[in-house]
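Here's the letter readout for the chains.
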Amino acid sequence: MSSPAAHFGAGGDAPYDIALRNGGGTLRLVEIGEGSGRRVEIGRFLAAADAADDSVIARIRGPVLDVGCGPGRIVHAAILAGRLSLGVDVSRTAVEHARQRGLPALHRSVFEPLPQEGSWRALLLMDGNIGIGGAPHVLLERCAQIISTRGSIFVEVDPEPTTDRGYAATVVDEDGRSSSPFPWYDVGAAALRTRLKGSRLEITETWEVSGRAFVRVERRL
Ligand SMILES: C[S@@+](CC[C@H](N)C(=O)[O-])C[C@H]1O[C@@H](n2cnc3c(N)ncnc32)[C@H](O)[C@@H]1O
């Protein structure tokens, strides 16, 4: 596995781990050298799936892999919906949290070998996880290796369709604790569609629920 310090919220004062252990809290995802950043509500990750999450789960057919599953709220909801599900996350604390709830979760990076590569019917990148690794096209190519030929990648995108920016980020908490820097990326639906031109993937569906935006990405026919 690559250095844990290069991942979302890891390293430094480990504010993400602390928030998960404390059962919630507001973190901020901050671009280094820029303003106050965007809120990340850990309580939402620890809560039950909401209507926007359910809109994704309702579209899933077959086994689903949740990449960057955190403490497992989507894995839980997908299992309740009758889907065979597995979560993957580089955060040991998040995976322990999921397992303590009886949920199947692997402590591993999406860029490492994963079970049943090439056969997952659905793969999820929720809660901004298209930012993982700081290069959406690289992440989506990796995800394309993991899904089956007819599989779908469900991506939560930035609500502003033209957003398209990569940056070095930190996660900070309300007490000033900060993670190590890590690469991250925000992208909206229109920008992602443009980025996928000329690749083997395309956006086949877009929708919004409660101010959150989602796209379905599939192999071109
Ligand atoms: C914005 S949080 C999303 C949390 C999550 N979707 C939930 O429901 O709690 C990003 C998550 O991605 C995980 N992550 C970051 N890099 C990863 C990687 N390379 N492979 C797998 N998970 C990763 C982080 O540890 C973190 O749990």
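Everything here concerns the structure above.
Residues numbered from 1 in each chain as written. Predicted model: local features only at pLDDT ≥ 70, side-chain atom pairs only at ≥ 80, totals over all residues. Heavy atoms only, no water.

(A) How the structure looks around the site of the ligand. Y16, G68, R73, D89 and D127 are the nearest of the 18 residues found near the ligand. Contact between the ligand and V90: a nitrogen atom at 3.5 Å from a main-chain N or O atom of the residue. D127 is positioned with one of its side-chain polar atoms (N or O) 2.6 Å from a nitrogen atom of the ligand. If the ligand stood free it would expose 600 Å²; the protein chains cover 98% of that surface. Across the shell around the ligand, the residue classes break down as 8 nonpolar, 6 polar and 4 charged. (Near = heavy atom within 4 Å. Polar contact = N/O pair within 3.5 Å; in protein donor to acceptor, adjacent residues only side chain to side chain. Areas by Shrake-Rupley, 256 points an atom, 1.4 Å probe, with all protein chains shown as cover. Nonpolar A, V, L, I, M, F, W, Y, C, P; charged D, E, K, R; others polar.)

(B) The arrangement of unusual backbone geometry in detail. One non-glycine residue with positive phi stands out, namely Q116, at about 60°. Among the secondary structure elements, Q116 is positioned in the loop between β5 (105–107) and β6 (120–125). Positioned with a positive phi, D127 is a non-glycine residue whose angle comes to about 60°. Structurally, D127 is set in the loop between β6 and α6 (136–146). (Helix = DSSP H or I, 4+ residues; strand = E, 2+ residues; numbered from the N terminus.)

(C) Quick peek at the nonpolar core. In terms of nonpolar packing, the biggest core is built from 47 residues, with I42, L65, L123, L125, L140, I153 and V155 touching the most fellow members. Among the elements that take part in this core, α6 stands out by supplying 5 residues, more than any other. In this view, I42 contacts Y16, A19, L20, G24, G25 and L27; residues no more than four positions away in its chain are not counted. Counting residues in each nonpolar core, the second largest holds 14 residues, with V56, A122, L124 and M126 among its members. (Core = buried A, V, L, I, M, F, W, Y, C linked by side-chain atoms within 4.5 Å. Buried < 20%, exposed > 50% of the residue type's maximum accessible area, 1.4 Å probe, protein only. Contact = heavy atoms within 4.5 Å.)

(D) Seen up close, the pairing of strand β9 (residues 182–187). Judged by how many residues are buried, β9 sits mostly within the fold: 5 of 6 residues are covered. Relative to β9, strand β8 (residues 164–173) is paired through 6 bridges, and the arrangement is antiparallel. For R165, the partnering residue across the bridge sits in β9 and is D186. (Pairing = 2+ DSSP bridges.)

(E) Structural context of the pattern of salt bridges. By the definition in use, this model includes 20 salt bridges. The salt bridge involving R73 is made with D127; its shortest N-O contact spans 2.9 Å. Taken together, the residues R73 in helix α4 (residues 73–80) and D127 in the loop between β6 and α6 connect sequence positions 54 residues apart. Under the relative-accessibility criterion, R73 is labelled buried at 4%. For D127, a relative accessible area of 21% corresponds to the partly exposed category. Taken together, the shared-partner salt bridges in this structure form one network comprising R44, D50, D53, R73, D127, E156 and R212. (Salt bridge = Lys/Arg side-chain N within 4 Å of Asp/Glu carboxyl O.)

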